[in-house]
Amino acid sequence: MSSPTRHCPGIRRAVLACALAPSLALAAPDAPAPLPFEACRADLIAFAATQAVPQGLADAQLANLAPDPDVLAAATNQGEFVRPLWDYIEASVTPARIEAGRAKLAEHAETFAAIEARYGVDRHILAAFWGVESSFGAVLDNPAVVKPVVRSLATLACGDPARAPYWRTELAAALQILAWNQAPLERMPGGLTGSWAGAMGHTQFMPSVYHRDAVDFDGDGRRDIWTSVPDALASTANYLRAHGWKPGEGWGAEARLPEGFDAALADETTPRSLAAWRALGVRPARPDTLPDEAAEATLILPAGIRGPAFLIRPNFAVILRYNTALAYALTVALLSDRLRGDPGLVRDWPRGDRVLTGDERRDLQTRLIARGFATGGVDGKIGPKTRAALRAFQGSVGLPADGYVDAALLDRIRGTP
Ligand code: CA
């Protein structure tokens with residue numbers, strides 16, 4: 001298990017991942033009270049010394065540091081994410097990004113070919129991660145987004161007491177990068193830079209992930225994920241391969257369902273061979289997008305029976321290791337298809353649907369539990385357990401058991417005794 005955090009696994013703490021799985025406990029009533037920043041900062045310097053960070057470096061980086069209020073604001077503003085799935089996907093899979101990605105694939109064709117040969121990870125997937133994580137590096141030049149990593153992580157280590165051990169470990173890892181002279185500081189006038197949550201470089205590695213999975217692909221002796229495209233892309237390929245990417249297999253494909261299909265079969269968890277899916281009437285939405293009949297795939301309906309269906313293969317789970325949000329993984333997957341030249345989805349999203357607010361999601365969970373359908377708690381997150389409870393409820397009242405939540409479903413459960 002390489003996920004850096006229990007609550008928000010993935011290699012970065014991106015806005016979306018944690019938005020869908022809010023985890024920061026900055027305002028949680030049961031969190032320990034934070035130390036004053038100066039005292040906390042002194043503790044961080046002492047902790048860094050136990051992690052092979054030279055004392056002089058830790059002092060120089062931390063002794064006069066002030067917290068960054070924007071980082072805490074970003075960390076606290078993640079809770080109530082109510083954007084529809086397709087809005088998120090379409091904000092990321094834009095014509096401009098597809099065009100930019102195809103240009104990058106051409107510009108770096110030799111690098112992509114060398115990385116494919118070495119790691120067995122498809123170039124379109126790598127380019128999709130690159131596009132989603134940093135707009136092919138463009139974000140790294142945006143001073144409104146890029147922040148000094150040491151300051152951000154120190155701010156979080158001292159301002160998020162519930163997860164302080166995670167943040168201080170990442171901070172020590174960032175200081176180790178500096179101590180080992182791995183970052184091209186001569187090209188980063190602001191020092192080691194990253195997102196507000198400390199994710200760094202073209203494909204947004206957390207410092208601990210950097211230490212484990214970053215590679216020097218251009219052979220200059222440094223693992224430079226900030227300014228070397230070969231290093232950043234090969235590091236991403238190395239991460240994916242290390243987490244189980246199967247060379248030669250895609251992520252899956254859009255599927256076409258037969259009339260009257262039993263949505264309960266799309267339970268997210270039951271793999272079947274493509275031959276078995278075919279026997280159930282499920283076919284690729286476009287010909288030749290899935291491999292031989294013996295290959296296994298799982299059917300998902302991320303927007304319910306009225307939206308597009310997908311047959312996902314084991315590599316899709318590897319994309320989810322990067323960031324556990326389904327919206328994120330689908331965005332990477334669908335962008336990779338578009339970069340390969342595929343024309344886009346056959347079936348449209350159910351665009352008229354309103355997404356529930358956090359309060360409404362908690363109300364839904366409370367009502368499911370009251371009716372005997374266990375959701376695994378009332379946290380406002382529609383995860384696998386809540387979707388399983390929803391399917392059971394839907395089945396019990398004769399609705400398609402697709403586990404999909406919209407306002408109509410909430411109305412239905414509110415009106416069901
Ligand atoms: Ca290098």
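Right, let's walk through the structure included here. Just so we're clear, the structure is a prediction, and the values are computed from it rather than from any experiment.

1. Observations regarding the pattern of salt bridges
Two side chains carrying opposite charge are able to pair once their charged atoms lie near each other.
Part 1 of the argument: Within the structure shown, the criterion is met by 22 salt bridges.
Part 2 of the argument: One salt bridge connects Arg-212 with Asp-213, and the closest N-O pair in it is separated by 3.6 Å.
Part 3 of the argument: Looking at Asp-213, the relative accessible area reads 5%, which means it is buried.
Part 4 of the argument: With its nearest N and O atoms 2.9 Å apart, the salt bridge here joins Asp-363 to Arg-367. In this pair, Asp-363 and Arg-367 are both assigned in helix 16 (residues 358–370), 4 residues apart and thus about one turn of the helix distant.
Part 5 of the argument: Within this structure, Glu-186, Arg-187, Arg-222 and Asp-224 form a network of salt bridges that share partners.

2. A closer look at unusual backbone geometry
Part 1 of the argument: One non-glycine residue, Ala-52, adopts positive backbone phi at about 65°.
Part 2 of the argument: Looking at the element boundaries, Ala-52 is found in the loop between helix 2 (37–49) and helix 3 (55–62).
Part 3 of the argument: A relative accessible area of 56% means that Ala-52 is categorised as exposed.
Part 4 of the argument: Positive phi, normally seen in glycine, also occurs at Ser-135, with a value near 50°.

3. Digging into the state of the cysteines
Part 1 of the argument: By the definition in use, this model includes 1 disulfide.
Part 2 of the argument: One disulfide in the model links Cys-40 with Cys-158; its S-S distance is 2.0 Å. Judged by the torsion about the S-S bond (-90°), the Cys-40/Cys-158 disulfide is left-handed. One end of the pair, Cys-40, is in helix 2; the other, Cys-158, is in helix 9 (residues 149–159), and 118 residues separate them in sequence.
Part 3 of the argument: Owing to a relative accessible area of 8%, Cys-40 belongs among the buried residues under this scheme.
Part 4 of the argument: Overall, Cys-158 belongs to the buried group, its relative accessible area being 7%.

4. Let's talk about the coordination of the calcium ion
Part 1 of the argument: All of the protein donors around the calcium ion are Asp-216 (OD), Asp-218 (OD), Asp-220 (OD), Arg-222 (O), Asp-231 (OD) and Asp-231 (OD); their distances to the metal are 2.1 to 3.0 Å.
Part 2 of the argument: Considering all 6 donor atoms around the calcium ion, angles at the metal cover 46 to 163° and the coordination shape is irregular.
Part 3 of the argument: Here the donor residues of the calcium ion are spaced in sequence according to D-x1-D-x1-D-x1-R-x8-D.
Part 4 of the argument: Taking relative accessible area as the criterion, Asp-220 reaches 45% and is therefore assigned partly exposed.

5. Overview of the side chain of Gln-394
Part 1 of the argument: Here Gln-394 lies in helix 17 (residues 384–396).
Part 2 of the argument: Taking relative accessible area as the criterion, Gln-394 reaches 2% and is therefore assigned buried.
Part 3 of the argument: Polar contacts involving the side chain of Gln-394 include one to the main-chain amide nitrogen of Gly-403, which spans 2.8 Å.

6. Remarks on the packing of aromatic side chains
Part 1 of the argument: With the rule as written, the count across this model stands at 14 aromatic pairs.
Part 2 of the argument: With 4.4 Å between their ring centres and 40° between their planes, Phe-129 and Tyr-322 make a pair best called tilted. Separated by 193 residues along the polypeptide, Phe-129 in helix 8 (residues 123–134) and Tyr-322 in helix 14 (residues 314–322) bring together distant segments of the chain.
Part 3 of the argument: Taking the relative accessible area as the measure of exposure, Phe-129 reaches 0% and is therefore buried.
Part 4 of the argument: Ring pairing ties together the aromatic residues Trp-86, Trp-251, Phe-310, Phe-316 and Trp-349, which thus form one cluster.
Part 5 of the argument: For Arg-168, the ring lying beneath its charged end belongs to Phe-47, and the centroid distance is 4.3 Å.
Part 6 of the argument: We note Arg-272 situated over the ring of Trp-277; from NZ or CZ to the ring centre the distance is 4.8 Å.

Cut-offs applied
Residues numbered from 1 in each chain as written. Predicted model: local features only at pLDDT ≥ 70, side-chain atom pairs only at ≥ 80, totals over all residues. Heavy atoms only, no water. Salt bridge = Lys/Arg side-chain N within 4 Å of Asp/Glu carboxyl O. Buried < 20%, exposed > 50% of the residue type's maximum accessible area, 1.4 Å probe, protein only. Helix = DSSP H or I, 4+ residues; strand = E, 2+ residues; numbered from the N terminus. Disulfide = S-S within 2.5 Å. Donors = N, O, S within 2.8 Å, 3.2 Å for Na, K, Ca; no water. Tetrahedral: all angles 85-135°; square planar, octahedral: opposite > 155°, others 65-115°. Polar contact = N/O pair within 3.5 Å; in protein donor to acceptor, adjacent residues only side chain to side chain. Phe/Tyr/Trp six-rings, centres within 6.5 Å; stacked < 30°, edge-to-face > 60°. Lys NZ or Arg CZ within 6 Å of the ring centre and 35° of its normal.

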